[in-house]
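One letter stands for each residue in the lines below.
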Amino acid sequence: MLSSKASCNSHGQDSSYFLGWQVYEKNPFDEVQNPTGIIQMGLAENQLSFDLVESWLRKNPDAMGLKKEGESVFRELALFQDYHGLPAFKNELVEYMAKIRGNKVKFDPNNLVLAAGATSANETLIFCLADPGEAILLPTPYYPGFDRDLKWRTGVEIVPVHCSSSNGFRITMFALEEAYQRAQKLNLKVKGVLITNPSNPLGTTMTKDELNHLITFAIAKNIHVISDEVFSGTVFDSPGFISIIEAAMDRNLENTEVWSRIHIVYSLSKDLGLPGFRVGMIYSNNQTVVGAATKMSSFGLVSSQTQYLLSNMLANKKFTSKYMKENQKRLKKRKEMLVSGLKRSGIDCLKGNAGLFCWVDMRNLLSSNTFEAETELWKKILCEVGLNISPGAPCHCSEPGWFRVCFANMSQATLHVAMRRLRDFVERSSCSGIGKMGNVSLSRKLLSNWLRKLSFADRDEQVQER
């Protein structure tokens, strides 16, 4: 009696990435109330600099109280607002985006479309660029939520661009061409390539060579480039961040046809740590895309009071400068704590310089070089160790044994607990032998049912033919 969209399971939320969250929610760690619970290390939230934002809010009660120079603007904000967004907010956003990029790039607020978070922005952009049954190329490993965000409602297919640990999972022309040819064999028309820069889940910024590969490839294939840059303000170490727009400008492409096929997605969820505020945006030099996306944004608007509050916050340049510098310093320190803790357990990470997570190499803990063994290890870490980390299979990583581990959504004390648990697990495993599943009492039924349903589908490297 329901639509096929409502009754099918193509939403992509039946992977181990989302299942780990379900198990965590049944037994969440609390230092006092539930010290043996599961620690959430699968959530890329930035909670390290809340005190800076809270301090600004205390010093600016008018912004919180919806006042301007002591006078209430409540009625103005409470009435219906045009879905183009508040001009003051958009002006501050483009200045903030430019500041993150070292003011090497200038953004036109007229080319900015507001959306209710990057999830909404990415989906809206896919609706604008591709029709159902067409394809987007996506370098692996990639954020597991893209299988939901980009595919479920749009009907667009994702064709993985397989990257390898042999070169640090860098994008090559060979990998791009191989994915394009695979799409052709599946009779899929490729409309674009989407990247995350800095990468989620790698925690690395893209090199200028990689960006040039993407631009050259897009020109040759006459396709779009979407650069999801939601972690651009989290870069805490060298090399610095280079936006796709900056790379295109360095090649003097502003007045060429490809300029209108380069698009950016951004949000304030990661850099400012405000995912609950649901502030995302699309930036495009293609006026047809801007017009269509603006109309579509009526399905996911940013509230007027949120725009008003944040326009005041971003207008305070002294605050934003202090926040960016201090936040990056804290992220670097916390990341180093995670890396050193893992190293004490004999576990290495991909060298990263950005993001709220590390791409962790646990291949030495696998019982065999298979995704089945990765799932087995993931279950142990989730249910025996009590850590929810994200396995590589739902990220479509082509090599088993890699995991994304988040570090910015917890206290320093909680991270120490997590590292101690993991170290104890590795020591026990080295004594008893890796690969022998222990007694997993926590959520056994949920895990077993899910594993039968999943059948390791999230490591399937092929796009299913329609």
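Residues numbered from 1 in each chain as written. Predicted model: local features only at pLDDT ≥ 70, side-chain atom pairs only at ≥ 80, totals over all residues. Heavy atoms only, no water.

Q: What's the story with the pairing of strand 8 (residues 224-228) in this structure? I'm lost.
A: When a strand is regular, its side chains alternate between the sheet's two faces. In terms of burial, strand 8 is a largely internal element, five of the five residues being buried. As judged from the five bridges shared by strand 7 (residues 190-196) and strand 8, these two strands associate in the parallel manner. Residue pairing for strand 8: Val 193 is matched across the bridge by Val 225. As judged from the four bridges shared by strand 8 and strand 9 (residues 262-267), these two strands associate in the parallel manner. From the neighbouring strand, Val 225 faces strand 9, where its bridge partner is Ile 262. Regarding topology, helix 11 (residues 244-250) serves as the crossover connection from strand 8 to the parallel strand 9, and that connection is right-handed. (Buried < 20%, exposed > 50% of the residue type's maximum accessible area, 1.4 Å probe, protein only. Helix = DSSP H or I, 4+ residues; strand = E, 2+ residues; numbered from the N terminus. Pairing = 2+ DSSP bridges. Right-handed = clockwise from strand over helix to strand, strands pointing away.)

Q: Explanation requested: the sheet that holds strand 5 (residues 135-139) in the structure shown.
A: Strand pairing in a sheet relies on backbone hydrogen bonds. The paired strands run either parallel or antiparallel. Taken in spatial order, the seven strands line up as 4-10-9-8-7-5-6 in an open sheet, and their pairing is mixed. Each having just a single partner strand, strand 4 (112-115) and strand 6 (157-161) make up the two edges of the open sheet. Averaged over all neighbouring strand pairs, the angle between strand axes comes to 25°, with direction disregarded. The strands that helix 9 (residues 173-185) touches are strand 5, strand 6 and strand 7; relative to strand 6, the one it contacts most, it runs at about 145°. In the packing of helix 10 (residues 208-221) onto the sheet, contacts are made with strand 5, strand 7 and strand 8, and the angle to strand 7 comes to roughly 170°. (Axes fitted to C-alpha atoms, helices over the stretch in contact; angles between N-to-C directions. Contact = heavy atoms within 4.5 Å.)

Q: Explanation requested: the packing of helix 3 (residues 50-59) against helix 13 (residues 304-315) in the structure shown.
A: Helix packing geometry: the angle between the two helix axes and the distance between the axes. Contact geometry of helix 3 with helix 13 gives a least axis separation of 11 Å together with a crossing angle of 100°. Overall, the two elements helix 3 and helix 13 adopt an arrangement that is roughly perpendicular. On helix 13, the residues that touch Val 53, Trp 56 and Leu 57 of helix 3 are Leu 309, Asn 312 and Met 313. The class makeup of the residues in the contact of helix 3 with helix 13 is five nonpolar, one polar and no charged. (Parallel < 35°, antiparallel > 145°, perpendicular 65-115°, else oblique. Nonpolar A, V, L, I, M, F, W, Y, C, P; charged D, E, K, R; others polar.)

Q: Looking at this model, I keep getting lost on unusual backbone geometry. Mind explaining?
A: For residues other than glycine, phi is negative in most cases, and the peptide bonds are mostly trans. Along the chain, Thr 140 connects to Pro 141 via a cis peptide bond; the corresponding omega equals -5°. Relative to the helices and strands, Pro 141 is located in the loop between strand 5 and helix 8 (146-149). Each neighbour pair has its own omega, and for Asn 197 with Pro 198 the value is 0°, a cis peptide bond. Tracing the chain through its elements places Pro 198 in the loop between strand 7 and helix 10. Although it is not a glycine, Asn 103 adopts a positive phi angle of roughly 55°. Considering the arrangement of structural elements, one finds Asn 103 in the loop between helix 6 (87-100) and strand 4. If you check the backbone angles, Phe 169 has positive phi at about 60° while not being a glycine. If you trace the backbone, Phe 169 turns up in the loop between strand 6 and helix 9.

Q: Explain empty space enclosed by the protein here, please?
A: Over the atoms rolls a probe the size of a water molecule, and its path tells where empty space is left. Using the criterion set out here, one finds five cavities of 30 Å³ or more in the structure. Volume-wise, the largest cavity comes out at about 170 Å³. Those elements that provide at least two residues to the lining of the largest cavity are strand 5 and strand 7. It is strand 7 that provides the largest number of residues to the lining of the largest cavity, a total of three residues. Among the residues forming the lining of the largest cavity, the class breakdown is eleven nonpolar, five polar and two charged. (1 Å grid on protein atoms, 1.4 Å probe; cavity = no way out; pocket = protein on both sides within 12 Å on 5 of 7 lines; lining within 4 Å. Points joined across faces, edges and corners; volume = space filled by probe spheres on them.)

Q: Explanation requested: the sheet that holds strand 15 (residues 402-406) in the structure shown.
A: Reading across from one edge, 11-12-15-14 is the order of the four strands in this open sheet, with antiparallel pairing throughout. Of all strands in the sheet, those with a lone pairing partner are strand 11 (348-349) and strand 14 (390-391), marking the two edges. Of the strand pairs in this sheet, strand 14 and strand 15 are connected by two bridges, and their pairing is antiparallel. From the neighbouring strand, Pro 391 faces strand 15, where its bridge partner is Phe 403. Against the sheet, helix 15 (residues 371-385) makes contact with strand 14 and strand 15, and its axis sits at roughly 30° relative to strand 15, the strand it touches most.

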